Amino acid sequence: MSTTIVTPAVHARGLTAGYGGTPAIHELDLEVSSGEIAVLLGANGSGKTTTLLALAGELRPMAGTADVLGCSARTRLDRRARSGLGFLTEGRCVFMELTGWENLKLGRGSAADAVAHFPELEPHLHKKAGLLSGGQQQMLALGRILAAEPRLILADELSLGLAPLIVQRLLTALRGAADRGAAVVLVEQHIRHALAVADKGYVLRRGRIALTGTAEELNADADAIARHYISGES
Ligand SMILES: Nc1ncnc2c1ncn2[C@@H]1O[C@H](COP(=O)(O)OP(=O)(O)OP(=O)(O)O)[C@@H](O)[C@H]1O
């Protein structure tokens, strides 16, 4: 009888990382498998972006381990990208002076595949990205990542400043990627929107995991979580 051991896409144990020798996240245990969306929730400054940067290999762990797509924590971002990592950083990941098409051609996947994820972009792709709406820019950035069929997507506040319908559109596209086998780690302020597409969540407080559970469990306590961990001080 053969046993197949499936390694999670993200497997962090005791992960501690920060800036200039000062930790901003402490002893995090995280596990995200293929097909799963994990959402990181927490107040401003609670360590969500720092966690993504550590998983992306942009920040070296000060302690603990972070195995991501079979790469150790010390593997650089470019090597992780070749192993199948797509990283949508905070802010709009587009080149404003290039047209939509030119932006899509810079991706690892084909421009046509990127448009297939967001067909509503097609009539606007001849314009410079800087002239597109915030939602269109974010679809451009996410479409470019999805076209490469990444095995792991790290997405930082992709809904920042966008209307609820666009937020749902973007999150649904991420759910589709997970359903096709990608692992997703999502940082999101809109707790209900995020939990609607996620499988599980981690709530951070002052750089530590304060709460973890399935999306269903966290959704049942969403109002209390928002009050205690998100609207308040980190
Ligand atoms: N480049 C940096 N240098 C020094 N400290 C930093 C740096 N970036 C973040 N920090 C600090 O690390 C802590 C965690 O910040 P982080 O950006 O990870 O939080 P966050 O939960 O993503 O916040 P937000 O929701 O506001 O983006 C904060 O105390 C922040 O001030």
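The notes below deal with the structure included here. Note that the structure is a prediction, hence the values are computed from the model and not measured.

Residues L85 and F87 point to one face of strand β5 (residues 85-88) and G86 and L88 to the other, with burial holding for every one of them. Inspection of the sheet shows β5 paired to strand β6 (residues 152-156) by four bridges, in the parallel sense. Residue pairing for β6: G86 is matched across the bridge by I153.

Right, let's talk about the environment of R151 for a bit. You can see R151 is positioned in the loop between α5 (134-147) and β6. Taking C-alpha positions, R151 is 7.9 Å from G86, a pair spaced 65 residues apart along the chain. Discounting chain neighbours no more than four positions away, the residues touching R151 are L69, S83, G84, G181, A182 and A183.

A separate point is the site of the ligand. Neighbouring the ligand are 13 residues; G45, G47, K48, T49 and T50 lie closest to it. Within the contact set of the ligand, an oxygen atom lies 3.1 Å away from a backbone nitrogen or oxygen of S46. Between the ligand and T50, the relevant distance is 2.5 Å, taken from an oxygen atom to a side-chain nitrogen or oxygen of the residue. Alone, the ligand offers 640 Å² of accessible surface; in the complex the protein occludes 57% of this.

Side chains that differ in charge, positive against negative, can pair when their charged atoms come close. The full count for this structure, using the stated rule, is seven salt bridges. Notably, a salt bridge pairs R175 with D179, separated by 3.0 Å at the nearest N-O pair. Taken together, the residues span about one helical turn, with R175 and D179 both in helix α6 (residues 164-179) at a distance of four residues. One salt bridge connects D199 with R175, and the closest N-O pair in it is separated by 3.0 Å. Here R175 lies in helix α6 and D199 lies in the loop between α7 (191-197) and β8 (200-205), a separation of 24 residues in the sequence.

Ranked by internal contacts, the top residues of the largest apolar core, which has 47 residues, are L142, L174 and L186. Leave out the neighbours within four places in its chain, and L186 touches I37, A38, V39, L40, A155, L158, L171, L174 and A194. L28, V32, L53 and L69 belong to the second-largest nonpolar core, a separate cluster that totals 29 residues.

Turning our eyes to something else, we now look at the sheet that holds β5. Strand order in this open sheet of six strands is β5-β6-β7-β3-β8-β9, and the pairing throughout is mixed. At either margin of the open sheet sits one strand with a lone partner, and together these are β5 and β9 (208-214). Across the sheet, the mean angle separating the axes of adjacent strands is 15° when strand polarity is ignored. Against the sheet, helix α1 (residues 48-56) makes contact with β3 (37-42), β5, β6, β7 (183-187) and β8, and its axis sits at roughly 150° relative to β6, the strand it touches most. Set on the sheet, α6 makes contact with β3, β6 and β7; between it and β7 the angle comes to about 155°.

The rules behind each value
Residues numbered from 1 in each chain as written. Predicted model: local features only at pLDDT ≥ 70, side-chain atom pairs only at ≥ 80, totals over all residues. Heavy atoms only, no water. Buried < 20%, exposed > 50% of the residue type's maximum accessible area, 1.4 Å probe, protein only. Helix = DSSP H or I, 4+ residues; strand = E, 2+ residues; numbered from the N terminus. Pairing = 2+ DSSP bridges. Contact = heavy atoms within 4.5 Å. Near = heavy atom within 4 Å. Polar contact = N/O pair within 3.5 Å; in protein donor to acceptor, adjacent residues only side chain to side chain. Areas by Shrake-Rupley, 256 points an atom, 1.4 Å probe, with all protein chains shown as cover. Salt bridge = Lys/Arg side-chain N within 4 Å of Asp/Glu carboxyl O. Core = buried A, V, L, I, M, F, W, Y, C linked by side-chain atoms within 4.5 Å. Axes fitted to C-alpha atoms, helices over the stretch in contact; angles between N-to-C directions.

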